[in-house]
Amino acid sequence: MMHSVPKTMTAVLLTGHGGLEKLVYSRDVPVPAPAAGEVLIKVTACGMNNTDVWVREGAYGTEDDPSAVSTWRRHGNTLTFPRIQGTDTVGYIVAVGEGVDRARIGERVMVDFSIYNRDDDSLADIDYMGHGRDGGYAEYMALPAENAHVVATDLTDVELATFCCAYLTGERMLERARLAAGETVLVTGASGGVGSAIVQLARARGAVPIAVAGPGKEAAMLDIGAQAVVTRGQGDLAEAVEAASGGRPIDVVADLVGGPLFNDLLKILHPEGRYTTAGAIAGPVVQLDLRTMYLKQLELHGSSQGSRADFRRLVRYIEERKIRPLVGGVYPLSEFHRAQTDFMAKNFVGKLVVVPD
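If you're wondering where the values come from, they're calculated on a predicted model, not measured in any experiment.

## Notes on the packing of aromatic side chains
Phase 1: Taken as a whole and assessed by the stated rule, the structure comprises 7 aromatic pairs.
Phase 2: Between Phe-113 and Tyr-128, the ring centres sit 6.5 Å apart and the planes meet at 75 degrees, which makes this aromatic pair edge-to-face. Of this pair, Phe-113 sits in the loop between strand S5 (108–111) and strand S6 (114–115) while Tyr-128 sits in strand S7 (residues 127–128), and the two are 15 residues apart along the sequence.
Phase 3: Here Tyr-137 and Phe-336 contribute two aromatic rings whose centre-to-centre distance is 4.7 Å and whose plane-to-plane angle is 65 degrees, an arrangement assigned as edge-to-face. Residue Tyr-137 is located in the loop between S7 and strand S8 (140–144), and its partner Phe-336 is located in helix H10 (residues 336–345); the two are separated by 199 residues in the primary sequence.
Phase 4: For Tyr-137, a relative accessible area of 1% translates into the label buried.
Phase 5: On the basis of relative accessibility, which here comes to 2%, the residue Phe-336 falls in the buried class.
Phase 6: Ring pairs connect the aromatic residues Trp-72, Phe-113 and Tyr-128, which therefore count as one cluster.
Phase 7: Lying across the ring of Tyr-116, Arg-308 places its NZ or CZ 4.2 Å from the centre.

## A look at the pairing of strand S16 (residues 327–332)
Phase 1: Here S16 runs beside strand S17 (residues 351–355); their pairing, made up of 5 bridges, is parallel. Bridge pairing in S17 places Pro-332 opposite Val-355.
Phase 2: Between the parallel pair S16 and S17, the chain is carried across by H10, and the sense of this crossover is right-handed.

## Quick look at the sheet that holds strand S14 (residues 269–277)
Phase 1: In space, the 6 strands of this open sheet follow the order S12-S11-S10-S13-S14-S15, with parallel pairing throughout. Each end of this open sheet is capped by a strand with a single partner; those strands are strand S12 (228–231) and strand S15 (299–302). Ignoring which end each strand starts from, the neighbouring axes of this sheet average 20 degrees apart.
Phase 2: Note: S14 against S15, 4 bridges, orientation parallel. Looking across to S15, one finds that Thr-276 is bridged to His-301.
Phase 3: Lying on the sheet, helix H4 (residues 193–204) is in contact with strand S10 (184–187), strand S11 (208–213) and strand S13 (250–255); it crosses S11 at an angle near 165 degrees.

## Considering unusual backbone geometry
Phase 1: The omega angle of the peptide bond from Phe-81 to Pro-82 is -5 degrees, so this bond is cis rather than trans.
Phase 2: Considering the arrangement of structural elements, one finds Pro-82 in the loop between helix H1 (50–57) and strand S4 (88–96).
Phase 3: Phi at Asn-117 is positive, roughly 65 degrees, even though this residue is not glycine.
Phase 4: The residue Asn-117 is located in the loop between S6 and S7 in this model.

## Observations regarding the packing of helix H3 (residues 164–176) against H4
Phase 1: Where H3 contacts H4, the axes come no closer than 8 Å and their chain directions differ by 55 degrees. Compared by their axis directions, H3 and H4 come out oblique. H3 and H4 meet at a crossing whose hand is right-handed. Together, Ala-166, Tyr-167, Thr-169, Gly-170, Glu-171, Met-173 and Leu-174 of H3 and Gly-193, Val-194, Ala-197, Ile-198, Gln-200, Leu-201 and Ala-202 of H4 make up the contact between the two elements.
Phase 2: Looking at the contact of H3 with H4, its residues break down into 9 nonpolar, 4 polar and 1 charged.

## What to know about a nonpolar patch on the surface
Phase 1: Taken together, the side chains of Leu-288, Leu-290, Tyr-294, Leu-295 and Leu-300 present a nonpolar region at the surface, about 500 Å² in accessible area.
Phase 2: For the nonpolar patch, the element with the most residues is helix H8 (residues 290–295), which contributes 3 residues.
Phase 3: Topologically, Leu-290 is positioned in helix H8.

Reading the values: rules and limits
Residues numbered from 1 in each chain as written. Predicted model: local features only at pLDDT ≥ 70, side-chain atom pairs only at ≥ 80, totals over all residues. Heavy atoms only, no water. Phe/Tyr/Trp six-rings, centres within 6.5 Å; stacked < 30°, edge-to-face > 60°. Helix = DSSP H or I, 4+ residues; strand = E, 2+ residues; numbered from the N terminus. Buried < 20%, exposed > 50% of the residue type's maximum accessible area, 1.4 Å probe, protein only. Lys NZ or Arg CZ within 6 Å of the ring centre and 35° of its normal. Pairing = 2+ DSSP bridges. Right-handed = clockwise from strand over helix to strand, strands pointing away. Axes fitted to C-alpha atoms, helices over the stretch in contact; angles between N-to-C directions. Contact = heavy atoms within 4.5 Å. Parallel < 35°, antiparallel > 145°, perpendicular 65-115°, else oblique. Left-handed = near helix turned anticlockwise from the far one by under 90°. Nonpolar A, V, L, I, M, F, W, Y, C, P; charged D, E, K, R; others polar. Patch = residues over 30% accessible without salt bridge, like charges linked within 9 Å, V, L, I, M, F, W, Y side chains within 5 Å. Areas by Shrake-Rupley, 256 points an atom, 1.4 Å probe, with all protein chains shown as cover. Salt bridge = Lys/Arg side-chain N within 4 Å of Asp/Glu carboxyl O.

Here it is, written out as structure tokens:
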């Protein structure tokens, strides 16, 4: 397939930390040229994530000051402005750099957005496209050829763009917590991108997911595989979870909410249970009674993104149809402000996806 690559493209540029005014829609951004070992893709869809919002807001704090304006990496900032965000990118290879087989031109690919910075499976120096280099909120994107993966599926481009960041994050959380077949996992924030991914990924492992979600989202959670649903904010959480689980012990808590729920979640875990988190939408600073942790022999895991092996499992799950896409809405790139406003309102299930105009 031959494709004429223009010199400029439309893209959304993050110009600094702040509000929506820091996201600028531009029609004259230079199209990147693929360097040696890279490919250029024509973007067809890109999913939206919480990380996009928090990086824009500079909401990650520092180890010394949780309220400080700071970006995603705690050690060695790689974010420069302007930056094109967007991690969950799908597109078609239209050009290749030196050393890449030209036969790859025409492939439809899902982008592994991780910048691993190491040859092993350690994530100690992890970065990502959309932060350390430009991502997919644009018409074109250049990336290392090894990060462009063909996925054997008949899903649409929009559907395929719902998986990567959320499902990779969820898979890593469950891998770190060693969730096994037959175990029960409590999933907070279950209607969001990562939460709905974890519900499905738990089922793919043969585990039993119990979802915590907002009012009106119970049916959607059951539809994607939750064994039972606890409606957030209605009554005592521990009692509601015990009723929903039928008295089954909670082996793992996969928490994306944090805030005031944190201590309740540790109380809900049975002895030797595992807590894993990759987000804190209700508040990152929590109170921890260390006695609960050590007297119950609990494990606490922090998690972000995923390894190459996690990504390969994700691709296999997609190809084997063990997980399915959840499209909460589709927006043209030119309506990016509206897309992000709707995203922050959280009145949807799954993922919002942006497509070129």
